[in-house]
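Secondary and tertiary structure notes
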Amino acid sequence: MSTEISKESFARLVQQHAPQVLDFTTRLLSDRREAEEVAQDAFVKAFRQLSSFRGDSSFVTWVQRIAYHEAIDHLRQRAPYMVDISEVAAISDDEELSTGREERILLMEETIDELPPDDQLLLHIYYYEDQPLRDIAYIMDAEPNALAQRLHRIRKKLLRMIKQKENEQTER
C-alpha cells in the first residue's frame with residue numbers, strides 16, 4: 001500500500017472499516033462513547049503513521065492493533081468502576097428466575113469481567129470474532145504460540161474461578 005494517500009481516500013478506508021474497529025473497541029470498553037473516542041483516536045494515529053504500514057497484515061488488522069494499544073492506555077488511565085448497591089440487588093432478584101444453564105452463563109460472563117482487560121480482549125477476539133491467532137498476535141504484538149498458551153492458561157483460570165464461585169454459592 002502506498003504511504004501517499006489523500007484525505008479523501010483515507011476517509012473511504014475509515015468509512016469501510018470503522019464499524020469493525022468500533023466493534024473491536026466496544027468489546028474492550030463497555031462505554032460506547034469511550035469506545036468511539038478510542039476508535040477515532042486509532043484512525044487519527046493510523047493516518048499520521050501511515051508510512052509505517054508495511055502490508056504485513058490487512059489494513060483493518062493494523063488499525064485494530066493501534067486501537068488495541070489505545071484502549072489499553074485508556075483503561076489504565078480510567079478510574080475504577082463503581083457499582084450502586086441497588087443495581088446489584090436488582091440483578092440478584094432477576095437471577096432467581098433463571099435456569100441453571102442461564103446461571104452458569106451469567107457466572108461465566110461475571111467471571112470473564114473479573115479478568116484483566118488484555119485477557120478479556122484475547123478471549124473476545126479469538127472466540128467471538130473468530131480471528132486466527134496469527135492476526136491476534138499481530139494486533140497484540142505477541143507470538144501466536146505464546147497466545148495459544150495464554151488462552152490455555154486463561155481457560156484453566158476461568159474454570160477454577162467458576163468452580164470457586166459455584167462452591168461459594170452452594171455454601172450459602
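All of the points below concern the structure found in this document. (Residues numbered from 1 in each chain as written. Predicted model: local features only at pLDDT ≥ 70, side-chain atom pairs only at ≥ 80, totals over all residues. Heavy atoms only, no water.)

Within the chain, the secondary structure is distributed over eight helices and zero strands. The N-to-C order of helical and strand elements in the chain reads α-α-α-α-α-α-α-α. A buried classification covers 34% of the 172 residues belonging to the chain. A separation of at least 24 residues holds for 66% of the contacts in the chain among residues at least 6 apart in sequence. Only carbon and sulfur atoms are counted for the fraction: they give 49% of the accessible area of the chain, which is about 11400 Å². (Helix = DSSP H or I, 4+ residues; strand = E, 2+ residues; numbered from the N terminus. Buried < 20%, exposed > 50% of the residue type's maximum accessible area, 1.4 Å probe, protein only. Contact = heavy atoms within 4.5 Å. Areas by Shrake-Rupley, 256 points an atom, 1.4 Å probe, with all protein chains shown as cover.)

A word on the nonpolar core. In this structure, F59, W62 and V63 are the most contacted members of the largest nonpolar core, which totals 40 residues. Secondary structure elements with two or more residues in this core: α1 (7-28), α2 (32-48), α3 (59-77), α6 (117-128), α7 (133-140) and α8 (144-171). Per element, the largest residue contribution to this core is 10 residues, and it comes from α3. (Core = buried A, V, L, I, M, F, W, Y, C linked by side-chain atoms within 4.5 Å.)

Turning next to the pattern of salt bridges. A full pass over the atoms with the stated rule returns nine salt bridges. Note that D23 and R27 form a salt bridge whose closest N and O atoms lie 3.3 Å from each other. A residue pair is termed a helical-turn pair when its members lie 3 or 4 positions apart in one helix, as D23 and R27 do in helix α1 at four residues. Given a relative accessible area of 46%, R27 falls into the partly exposed group. (Salt bridge = Lys/Arg side-chain N within 4 Å of Asp/Glu carboxyl O.)

Over its 12 residues, α6 runs 15 Å from end to end, which matches the ideal 16 Å to within 8%, given 1.5 Å per residue. For α6, the complete set of buried residues consists of D119, Q120, L121, L122, L123, H124 and I125. Where α6 ends, the next residue or the one after it, D130, has phi of about 55°, a positive value. (Expected span 1.5 Å × (residues − 1).)

Unusually for a residue other than glycine, D141 sits at a positive phi of about 55°. Along the chain, D141 falls in the loop between α7 and α8.

Next up on the list: the packing of aromatic side chains. Note on aromatic pairs: each is described by the distance of the centres and the angle between the planes. All chains considered together, the criterion is met by six aromatic pairs. Ring geometry for F59 against W62: centres 5.9 Å apart, planes inclined by 45°, an arrangement best described as tilted. Of this pair, F59 and W62 both sit in helix α3, separated by three residues, roughly a single helical turn. Pairing Y126 with Y127 gives two aromatic rings, centres 4.9 Å apart and planes at 90°, and the pair type is edge-to-face. Y127 gets classed as partly exposed once you look at its relative accessible area, which sits at 41%. Aromatic rings pair up to connect F10, F47, F53, F59 and W62 into one cluster. (Phe/Tyr/Trp six-rings, centres within 6.5 Å; stacked < 30°, edge-to-face > 60°.)

This paragraph deals with the packing of α1 against α2. Contact geometry of α1 with α2 gives a least axis separation of 9 Å together with a crossing angle of 140°. What the angle tells us is that α1 and α2 run oblique. With respect to the hand of their crossing, α1 and α2 are arranged in right-handed fashion. Here α1 contributes K7, F10, V14, H17, A18, V21, L22, T25 and T26 to the contact with α2, which in turn contributes R32, A35, E36, V38, A39, F43, A46 and F47. Class assignment for the residues of the contact of α1 with α2 results in 11 nonpolar, three polar and three charged. (Axes fitted to C-alpha atoms, helices over the stretch in contact; angles between N-to-C directions. Parallel < 35°, antiparallel > 145°, perpendicular 65-115°, else oblique. Left-handed = near helix turned anticlockwise from the far one by under 90°. Nonpolar A, V, L, I, M, F, W, Y, C, P; charged D, E, K, R; others polar.)

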